[in-house]
Amino acid sequence: GNSVTQMEGPVTLSEEAFLTINCTYTATGYPSLFWYVQYPGEGLQLLLKATKADDKGSNKGFEATYRKETTSFHLEKGSVQVSDSAVYFCALKVKAAGNKLTFGGGTRVLVKP
Amino acid sequence: EPEVTQTPSHQVTQMGQEVILRCVPISNHLYFYWYRQILGQKVEFLVSFYNNEISEKSEIFDDQFSVERPDGSNFTLKIRSTKLEDSAMYFCASEVSQVADQPQHFGDGTRLSIL
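Residues numbered from 1 in each chain as written. Chains lettered and ligands numbered in written order. Predicted model: local features only at pLDDT ≥ 70, side-chain atom pairs only at ≥ 80, totals over all residues. Heavy atoms only, no water.

What about the interface of chain B and chain A?
If you look at the interface, chain B gives 19 residues, while chain A gives 22 residues. Of the roughly 1,700 Å² buried where chain B meets chain A, counting both sides, 52% is carbon and sulfur surface. Broken down residue by residue, the surface that chain B buries against chain A is led by Lys42, Gln98 and Phe106 of chain B, which jointly contribute 27%. Counting across the chain B and chain A interface gives two salt bridges. The residue lysine 100 of chain A makes a salt bridge to glutamate 56 of chain B at a minimum N-O spacing of 2.7 Å. Inspection of the chain B/chain A interface yields nine residue pairs in polar contact (both at pLDDT 80 or more). Mapped onto the side of chain B that touches chain A, the elements with two or more residues apiece are β4 (31–37), β5 (43–50) and β9 (88–95) of chain B. Residues of the side of chain B that touches chain A, tallied by class, amount to nine nonpolar, five polar and five charged. (Contact = heavy atoms within 4.5 Å. Buried area = accessible area lost by both parts, 1.4 Å probe. Salt bridge = Lys/Arg side-chain N within 4 Å of Asp/Glu carboxyl O. Polar contact = N/O pair within 3.5 Å; in protein donor to acceptor, adjacent residues only side chain to side chain. Helix = DSSP H or I, 4+ residues; strand = E, 2+ residues; numbered from the N terminus. Nonpolar A, V, L, I, M, F, W, Y, C, P; charged D, E, K, R; others polar.)

Here it is as structure tokens:
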């Protein structure tokens, strides 16, 4: 079956620090990969996506590259802000598997001023 | 930007009672989903819905659960006789098509508390 593993949090950083959240996956078929973010008290928002190997998704200073050879989709940001404090979810979907999203466990990130 | 809306934001219900969670997907979207997140656990798929039929359901989605699109805008999840373990955040999502690069758009969720 499909599964996503991401690093456990919480991750605590100072403002302007570099953020990496690791995500690896196993999938039957060719997955599309996503990062969703959940700010306190809100729902899941799409942060970025990549649909084929070597694609790089980017948004709001965050980036992630689809690495088929290592089955990874690590999220990075060069300089975090307090407003980046949230829970980040890595997810995949495979059209042949009904297109449902399979999520990782989420990583809570806390950025301190 | 269009968004998925869910009501209520928080529902408190006695065990054994029926509960209906409501969602208004984005208007031109054709595929609809329910997910849930028990506190401290992963977001889990419950059911997908297309063309007025269930496309797929997980093993969580047993006979106590049902979904309906009663009109052109609402998409509902009904739990017929709630159990304590149904306490969770329930998310509705919609998708314009199932082309690979199309994301699912989520609502803010309904927190269901069973007493």
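Observations regarding the state of the cysteines
Tallied over the entire structure, the rule returns two disulfides over all chains. Disulfide pairing is shown between cysteine 23 of chain A and cysteine 90 of chain A; the S-S distance is 1.9 Å. Every disulfide takes its handedness from the sign of the S-S torsion; for cysteine 23 of chain A and cysteine 90 of chain A that torsion is -70°, giving left-handed. Here cysteine 23 of chain A, found in strand β4 (residues 23–26), pairs with cysteine 90 of chain A, found in strand β10 (residues 86–93); they are 67 residues apart in sequence, far enough to count as distant. The pair formed by cysteine 23 of chain A and cysteine 90 of chain A is uniform in burial state, with each residue classed as buried. Linked covalently through their sulfurs, cysteine 23 of chain B and cysteine 92 of chain B form a disulfide whose S-S length is 1.9 Å. Note on the cysteine 23 of chain B and cysteine 92 of chain B pair: the S-S dihedral is about -65°, so by sign convention the disulfide is left-handed. (Disulfide = S-S within 2.5 Å. Buried < 20%, exposed > 50% of the residue type's maximum accessible area, 1.4 Å probe, protein only.)

Some thoughts on the pairing of β4 of chain B
Residues and elements named next belong to chain B. Within β4, seven of the seven residues are buried, which leaves it mostly tucked inside the rest of the structure. The two faces of β4 match: Tyr31, Tyr33, Tyr35 and Gln37 on one face and Phe32, Trp34 and Arg36 on the other face are all buried. With seven bridges connecting them, β4 and β5 associate as antiparallel partners. Pairing of arginine 36 across the sheet is with glutamate 44, part of β5. Remark: five residues form the turn of the hairpin made by β4 and β5, two consecutive strands paired antiparallel; glycine 40 in that turn has positive phi of roughly 80°. Pairing of β4 with β9 involves seven bridges; the strand directions are antiparallel. Bridge pairing in β9 links glutamine 37 to methionine 89. (Pairing = 2+ DSSP bridges.)

Details of unusual backbone geometry
Among all residues except glycine, the phi angle is most often negative; among peptide bonds, the trans geometry is most common. In this chain, glycine 9 of chain A is followed by proline 10 of chain A through a cis amide linkage whose omega measures 0°. If you trace the backbone, proline 10 of chain A turns up in the loop between β1 (3–6) and β2 (11–14). Residue proline 8 of chain B is bonded to the preceding threonine 7 of chain B through a cis peptide linkage, with omega at -10°. Note that proline 8 of chain B resides in the loop between β1 (5–7) and β2 (10–13).

Note that all results are geometric; they support no functional claim without further evidence.
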